[in-house]
Amino acid sequence: MIRLRSFRLPSYLVLIAFSFVAAAPFVWTILASFKTGAEIRQSPPTFWPENFTFDNYRTILEDPDLKLGLFYRNSAFVAFANVFATLFTSTLFGYIFAKFDFKGSKKFFWYILATMMVPAQVTMIPGYLILVKLGLLNNLWGLVLPAFVDAFGIFLMTQFCKSIPNDLLAAARVDGASEFRIYRSIVLPQLRPAMATLGLLTFMTNWNAYLWPLIVLTEQDKRTLPIILTWYSNQNTNQVQLTMAASVLIVMPVLFLFALAQRWIVRGITLTGIK
Amino acid sequence: MTPSSTTKPLDTETSSEEVAKLPTKRSLFLTGRQGAERRFVFGMVTPMVLYMAVFSVLPIIWALALSFFDYSARRTGGPILGLGGENPFVGVENFQKMADFSQEAPLEVRQFHLSLRTTLLFAFLVVPLNLAITLPLASLIESVHQRMRPVFRNLFFLPVLTSAVGVAIMWGFILSPQRGLLNALISKVLGETTIIAWTSDPSLTVLGIPVSLFAVLIAYLWQDLGYNLIIFIAALQGVPQSVKEAALIDGAKPWHLFRHVTIPLLRPTIMLASVLTMISAFQVFDLFQVMTRGGPNDQTRALSLDIYESAFRFQRMGWAAAVSVVLFLIVLVLSLVQSRLLRSDWEY
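Residues numbered from 1 in each chain as written. Chains lettered and ligands numbered in written order. Predicted model: local features only at pLDDT ≥ 70, side-chain atom pairs only at ≥ 80, totals over all residues. Heavy atoms only, no water.

### Topic: the overall build of chain B
Along its length, chain B carries 14 helices and 2 strands. Put simply, chain B has 348 residues, and 51% of those count as buried. Accessible area of chain B: about 16600 Å², with a carbon and sulfur share of 63%. (Helix = DSSP H or I, 4+ residues; strand = E, 2+ residues; numbered from the N terminus. Buried < 20%, exposed > 50% of the residue type's maximum accessible area, 1.4 Å probe, protein only. Areas by Shrake-Rupley, 256 points an atom, 1.4 Å probe, with all protein chains shown as cover.)

Dropping the structure here:
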């Protein structure tokens, strides 16, 4: 085989150059988080910290206004609740849409698909007014309840459920398994790989969400991490080293976990081609 | 499958097709297997329909309705959804105002025009720039050793996984005038101290496009590249090796291979990726809100930011809803183009 060996070296050089660009913001942020305030105000800036210090992290962890533990809990609650809700509704209705015909099922399915075209900016105003009526402003459930049904998830699961053999379901019925039991014990195990992908994508979306939490959560103690990060950054415009350390503490740990699970996330995107 | 299920013979009534596709009438009252299936579907779909009515249908209809009212959540208004009363019906006035291009137009109208222009510029710049980077990058990654491909791909995909707020803050610091990395690098290259206020100097423009918009654009490109990259890598893996080899045997240079073989074969994927990229570019909010807050002088007030500020900062929800309908129409047209592209089958 010839392969494209002849131009490999230039390929590597360009890719490595690009790697520097891709990594630069992370590296620059991490390095800045170890600099002193005096060094960060220096112009031109230093690249490598001259007086390597952990003070910025100490300041953040000891800051009584920045209850990182609480905000991590808020974000984790919202992300996990959304993952559970989305996985439940997506698998259940994916199964129902793939394997049952009921009056209007096709129209209903197309309606759900069509809602994917509606930008968040359209539904956020009435969505906010609905939450006001339900008394869910400044309540973390306000970030969960409106997102219980995920059009993309239902679409994904319907596609996967179609490949489950009907004979398998029929056999279970002959054995006298209840319908919910069939969903739980036969359909769900078949969907495991798809659930891993959908669960990760849902977690990532909710963990990083900014616009909707910004509208729903106005009380400091209820806020999720991305809003806290902008709040902290605005509090410390002259202490960039603190903001950078906060970014490391808020963005990087979960980013690291996502990076480990990247294979599944990438698979989900290439599988569906949907962002 | 349990062992017993394989030993029991299937009778004709439970053959796969019949079990799966049920008759649609009166079956809720059936006893036995079919009745159980109907009850299961009915029992699950009913709450779903009710839920969708409140959290999906209602918001869409409500948003459309709002766009015909002068509405603020601060006023009491009429009995139905707070419309009417102190929140009067204004017909198509909100949409008429959008067509007022005169200098005397109200502030929100002029801001809308500016936002629409900014968002169109942004979206139409993002797509070609994104493709110009991701396509060559994808085929470069495909050209290196198999072991190294995931390494580069994962690195370039990392920004996609990063929170947009984090991206905005990191890039905000890189672009900082006195202490930023970019100005430091430019100063090094030019050999003299260069201070450019990338995100805050309203007088800086390139070809009539504000530099602050380019600042957000760079951060957005950096974050968003990974998506199209993996889509193109997947598509490239679908290109038959024999086609590439044939071209190489015929003496094609790498560039010609890319230009005359790879690009034409990837055309359907490229079209689809372009539309998807454009749809998301129209809805970018986080980067604009955190990096520039729409400034300087509203130069980076994207449509989504305009809607947010009108609705939640200035409490002009009727007007904001009307602007969101415009955004919806743009996205709708693009989505229809996308579904056309998806439907047409391509082969090579």
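### Structural notes on helix α12 (residues 225-235) of chain A
Counting buried residues along α12 of chain A, 8 of its 11 residues qualify, which places the element largely inside the surrounding structure. Those residues of α12 of chain A that sit buried are Leu225, Pro226, Ile227, Ile228, Leu229, Thr230, Tyr232 and Ser233 of chain A.

### Side note on a nonpolar patch on the surface
Residue and element names in this part refer to chain A. A cluster of nonpolar side chains, Val27, Phe47 and Trp48, forms an exposed patch at the surface whose accessible area comes to about 340 Å². If you trace the backbone, Val27 turns up in helix α1 (residues 8-32). On the accessibility criterion, Val27 (37% relative accessible area) is partly exposed. (Patch = residues over 30% accessible without salt bridge, like charges linked within 9 Å, V, L, I, M, F, W, Y side chains within 5 Å. Salt bridge = Lys/Arg side-chain N within 4 Å of Asp/Glu carboxyl O.)

### Re helix α8 (residues 181-190) of chain B
The complete set of buried residues in α8 of chain B reads Leu181, Asn183, Ala184 and Ser187 of chain B. Looking down the long axis of α8 of chain B, one finds its buried residues gathered within 165° of arc, a one-sided arrangement. Away from its buried face, by an angle of more than 90 degrees, α8 of chain B presents the exposed residues Val189 and Leu190 of chain B. Those residues of α8 of chain B hidden inside the fold are in contact with α1 of chain A together with α7 (164-174) of chain B. (Arc of directions from axis to C-beta. Contact = heavy atoms within 4.5 Å.)

### Looking at the interface of chain A and chain B
With 103 residues of chain A in contact, the opposing surface of chain B contributes 107 residues. When the two sides are added together, the surface that chain A and chain B hide from each other amounts to roughly 9600 Å², 76% of it contributed by carbon and sulfur. Inspection of the chain A/chain B interface yields 1 salt bridge. The closest approach of N and O atoms between Glu37 of chain B and Arg173 of chain A, which form a salt bridge, is 3.0 Å. Inspection of the region where chain A meets chain B yields 15 residue pairs in polar contact (both at pLDDT 80 or more). Of the residues forming the side of chain A that touches chain B, the biggest block, 15 residues, is contributed by α1 of chain A. (Buried area = accessible area lost by both parts, 1.4 Å probe. Polar contact = N/O pair within 3.5 Å; in protein donor to acceptor, adjacent residues only side chain to side chain.)

### Considerations on the packing of helix α6 (residues 120-134) of chain A against helix α13 (residues 303-313) of chain B
At a minimum axis distance of 10 Å, the contact between α6 of chain A and α13 of chain B shows a crossing angle of 15°. In terms of axis orientation, α6 of chain A runs roughly parallel to α13 of chain B. Note that α6 of chain A runs across α13 of chain B; the crossing there is right-handed. The residues of α13 of chain B that touch α6 of chain A, namely those facing Gln121, Met124, Ile125 and Tyr128 of chain A, are Ser304, Ile307, Tyr308, Ala311 and Phe312 of chain B. Grouping the constituent residues of the contact of α6 of chain A with α13 of chain B by class yields 7 nonpolar, 2 polar and no charged. (Axes fitted to C-alpha atoms, helices over the stretch in contact; angles between N-to-C directions. Parallel < 35°, antiparallel > 145°, perpendicular 65-115°, else oblique. Left-handed = near helix turned anticlockwise from the far one by under 90°. Nonpolar A, V, L, I, M, F, W, Y, C, P; charged D, E, K, R; others polar.)

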